[in-house]
Structures are given as structure tokens and as C-alpha cells.
Amino acid sequence: IQMTQSPSSLSASVGDTVTITCRTSQGIRNDLGWYQQKPGKAPKLLIYGASTLQTGVPSRFSGSGSGTYFTLTISSLQPEDFATYYCLQDYNYPVCAFGQGTKVEIK
Amino acid sequence: EVQLVQSGAEVKKPGESLTISCKGSGYRFSSYWIGWVRQMPGKGLEWMGITYPTDSDTRYSPSFQGQVTISADTSISTAYLYWSTLKASDTAIYYCATLDVRTGGDYWGQGTLVTVSS
């Protein structure tokens, strides 16, 4: 299954809403999650099952999609949200694959 | 509290062998798949492979098949990543993780930096 995450990077301001997309070459139901990674840290799961917010994750993060098209939306971007985000699909669990990553930078 | 604690940073020469480890605690280690993820300097996350400690069922990404060996020892709740012949291109941070995006039971180690240089 090929994964295409876009954009590779984006610049945004505090308070903006940003959307990151992940497309797969075949349908994967909702077997997808979204991670946030900050420099020098391990990735942190934000969303699982395409749209379920992980415990403790702020509600400004949301995920949607199924099949081949998925989005991660961050509403009202906060300073701590500047990081790199990755999608991960596990349709053929336990075999998984990551998207290429999206770096969210401060404008 | 679930924890995955990885072994410390390593500096090795090309051609040497290496095993890094990941010790789980706070959960039933033998009952959950545990995988390894590579992150080369300044690059993205790459899924390497995953093992089920109870029966040693192990799957690899085609990119890593034959390049590394993943295993686990249930008696000490520890997973391993092994290289028989390191290359400079193996320089990276390696994370162990349960990688569960279906139920949210997703836990990561702190990462192990492996530097391969002559």
C-alpha cells in the first residue's frame, strides 16, 4: 500500500487552522493514525482509528476520512503545535507504514 | 504505567555487529506486538518490522528484510534489534513501540542513537 502525505511542510500563524492529508493507494477502512513528533522526542499518538482522539490530546486536533483519503486538522494552532506530523496505516496489521511527514512551521 | 525503556547510545565501526534492546513494563509484554522504527538524521519515520513475543511471529518491511533481526525474550520482557554487519547508513535513532493505531494502546521507547563511523 503506497502512502502519500501532503504537504511536506507548511507555514502557519498561531490561531490558524491547518489541514494535513494522507492518501493511500488502496482502501484501508479507517486503519490509520496520526502522530506528532517534536525535535529530540519520540512520536506521540494523537488520533487512532482515523478519527478517535487519544486520551489527553487537546480537542483542537481532529481526524477524519476512510478508505483512501484522510485528514488531520488542527484548529486554532498553538505555539506548542509546531512540530512534524506523520500518518501511519496498519490495514495489514501488524504490518504498518508511515507517511512521509509534514513539518508545521511558524510563519 | 506502561513503559518501554531502551538501551543507551552506541558508537560502532562499519562491519561490526550490534544488538539494542527495549524493556517493557507495566503491561503484559508477551501479549502485544512490539515493533521498531528508524529515523535517519533529519528524516522521517520508517517502519522496520514487528514481533509477537509469545510465538516469535515476526514481520519485516521489505526495505529491512535481511538487514536486521528482530526478536524478543518474554522471560525478561525485552525486545531486540540486531545487526550482524553495520554500515555507515545504519546511523539513525531507533525507536521501539507497540504501534497500535486501532485501539490507541500505543507506547514508545525513548529512542536509541546508533552511530556507525570509521
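Residues numbered from 1 in each chain as written. Chains lettered and ligands numbered in written order. Predicted model: local features only at pLDDT ≥ 70, side-chain atom pairs only at ≥ 80, totals over all residues. Heavy atoms only, no water.

Colleague: So, the overall build of chain A: which residues are in play, and what are the values?
Modeller: Assigned secondary structure in chain A consists of zero helices and 11 strands. Listed by position from the N terminus, the elements making up chain A come as β-β-β-β-β-β-β-β-β-β-β. Across the 107 residues in chain A, those meeting the buried criterion constitute 50%. Here the contacts in chain A between residues at least 6 apart in sequence split such that 56% fall between residues at least 24 apart. One finds the centroid of the 8 positive side-chain charges in chain A at a distance of 2 Å from the centroid of its 6 negative side-chain charges. (Helix = DSSP H or I, 4+ residues; strand = E, 2+ residues; numbered from the N terminus. Buried < 20%, exposed > 50% of the residue type's maximum accessible area, 1.4 Å probe, protein only. Contact = heavy atoms within 4.5 Å. Lys, Arg positive; Asp, Glu negative; His and termini not counted. Charge placed at Lys NZ, Arg CZ, Asp CG, Glu CD.)

Colleague: Give a detailed account of the sheet that holds strand E3 (residues 18-25) of chain B, specifying residues and quantitative values.
Modeller: Residues and elements named next belong to chain B. The strand order E1-E3-E8-E7 describes an open sheet built from four strands, whose pairing is antiparallel. This sheet does not close on itself; its edge strands, each paired only once, are strand E1 (3-6) and strand E7 (69-73). On average, adjacent strands in this sheet sit at an angle of 20° to one another, irrespective of strand direction. The pairing of E3 with strand E8 (residues 78-83) spans six bridges and is antiparallel. If you follow Thr19 over to E8, its bridge partner there is Tyr82. (Pairing = 2+ DSSP bridges. Axes fitted to C-alpha atoms, helices over the stretch in contact; angles between N-to-C directions.)

Colleague: Explain the state of the cysteines residue by residue, including any values.
Modeller: Here the structure, examined in full by the defined rule, presents two disulfides over all chains. Put simply, Cys22 of chain B and Cys96 of chain B are joined by a disulfide, and their sulfur atoms are 2.0 Å apart. Handedness of the Cys22 of chain B-Cys96 of chain B disulfide follows from its S-S torsion of about 75°: it is right-handed. In this pair, Cys22 of chain B is assigned in strand E3 and Cys96 of chain B in strand E9 (residues 92-97), connecting sequence segments 74 residues apart. Each member of the pair, Cys22 of chain B as well as Cys96 of chain B, carries the same accessibility label: buried. With no disulfide of its own, Cys96 of chain A lies closest to Cys87 of chain A among cysteine sulfurs, the gap being 12 Å. (Disulfide = S-S within 2.5 Å.)

Colleague: Could you give an account of the packing of aromatic side chains, with specific residues and numbers?
Modeller: On inspection of all chains with the given rule, the structure shows nine aromatic pairs over all chains. The interplanar angle of 75° and the centroid separation of 4.8 Å between the aromatic rings of Trp83 of chain B and Tyr94 of chain B together place this pair among those described as edge-to-face. With Trp83 of chain B in strand E8 and Tyr94 of chain B in strand E9, the pair connects residues that are 11 residues apart, well separated along the chain. Residue classification places Trp83 of chain B among the buried residues on the basis of a relative accessible area of 1%. Here Tyr94 of chain B falls in the buried class, since its relative accessible area comes to 0%. Three or more aromatic residues link up through ring pairs in this structure, and these residues are Tyr35, Tyr86 and Phe98 of chain A together with Tyr95 and Trp108 of chain B. (Phe/Tyr/Trp six-rings, centres within 6.5 Å; stacked < 30°, edge-to-face > 60°.)

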